[in-house]
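Fold and geometry: a report
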Amino acid sequence: MELNREQEERERQGDREQMEIDSKNEDKEKKRGQLENIIFFVGTAIGGGQIFSASYRLIKDTPIKWQPDFSLPLHRFTATTIGSLLFA
């Protein structure tokens, strides 16, 4: 009986250790998921900034009209931005 109790105690201790290891692994996965989200958003912001900076030289001649007027041809900046987004 005493051997039985000792074995049960060892099993409980092993279960506790496994639970601690699992908990630490879950924490690592949560941090990894958060890091992936941060990298995604920063990358998206950098890409959007690059699209704007590559297209900025096209808008120096004429200012951007914020009210769409479909009777006029598409502005070069708008066309470049739409093209960049479509091909991305």
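Computed from a predicted model, the values in this text were never measured in an experiment.

1. Details of the pattern of salt bridges
This structure, assessed with the given rule, holds three salt bridges. In this structure, the salt-bridge partner of Glu6 is Arg10, at a minimum N-O distance of 4.0 Å. Taken together, the residues Glu6 and Arg10, both in helix H1 (residues 2–55) and four residues apart, mark about one turn of the helix. Between Arg12 and Glu8 there is a salt bridge; the shortest N-O distance is 3.7 Å. One end of the pair, Arg12, and the other, Glu8, are both in helix H1, four residues apart, so they sit about a helical turn from each other. Residue Arg12 is classed as partly exposed on the basis of its relative accessible area of 44%.

2. What to know about the packing of H1 against helix H2 (residues 76–87)
Direction vectors running N to C along H1 and H2 enclose 145°, while the axes themselves pass 10 Å from each other. Our pair here, H1 against H2, has a crossing hand that is right-handed. Across from Ile51, Phe52 and Ser55 in H1, the residues of H2 making contact are Phe77, Thr80, Thr81, Ser84 and Leu85. Across the contact of H1 with H2, the residue classes break down as four nonpolar, four polar and no charged.

Rules used in this analysis
- Residues numbered from 1 in each chain as written.
- Predicted model: local features only at pLDDT ≥ 70, side-chain atom pairs only at ≥ 80, totals over all residues.
- Heavy atoms only, no water.
- Salt bridge = Lys/Arg side-chain N within 4 Å of Asp/Glu carboxyl O.
- Helix = DSSP H or I, 4+ residues; strand = E, 2+ residues; numbered from the N terminus.
- Buried < 20%, exposed > 50% of the residue type's maximum accessible area, 1.4 Å probe, protein only.
- Axes fitted to C-alpha atoms, helices over the stretch in contact; angles between N-to-C directions.
- Left-handed = near helix turned anticlockwise from the far one by under 90°.
- Contact = heavy atoms within 4.5 Å.
- Nonpolar A, V, L, I, M, F, W, Y, C, P; charged D, E, K, R; others polar.

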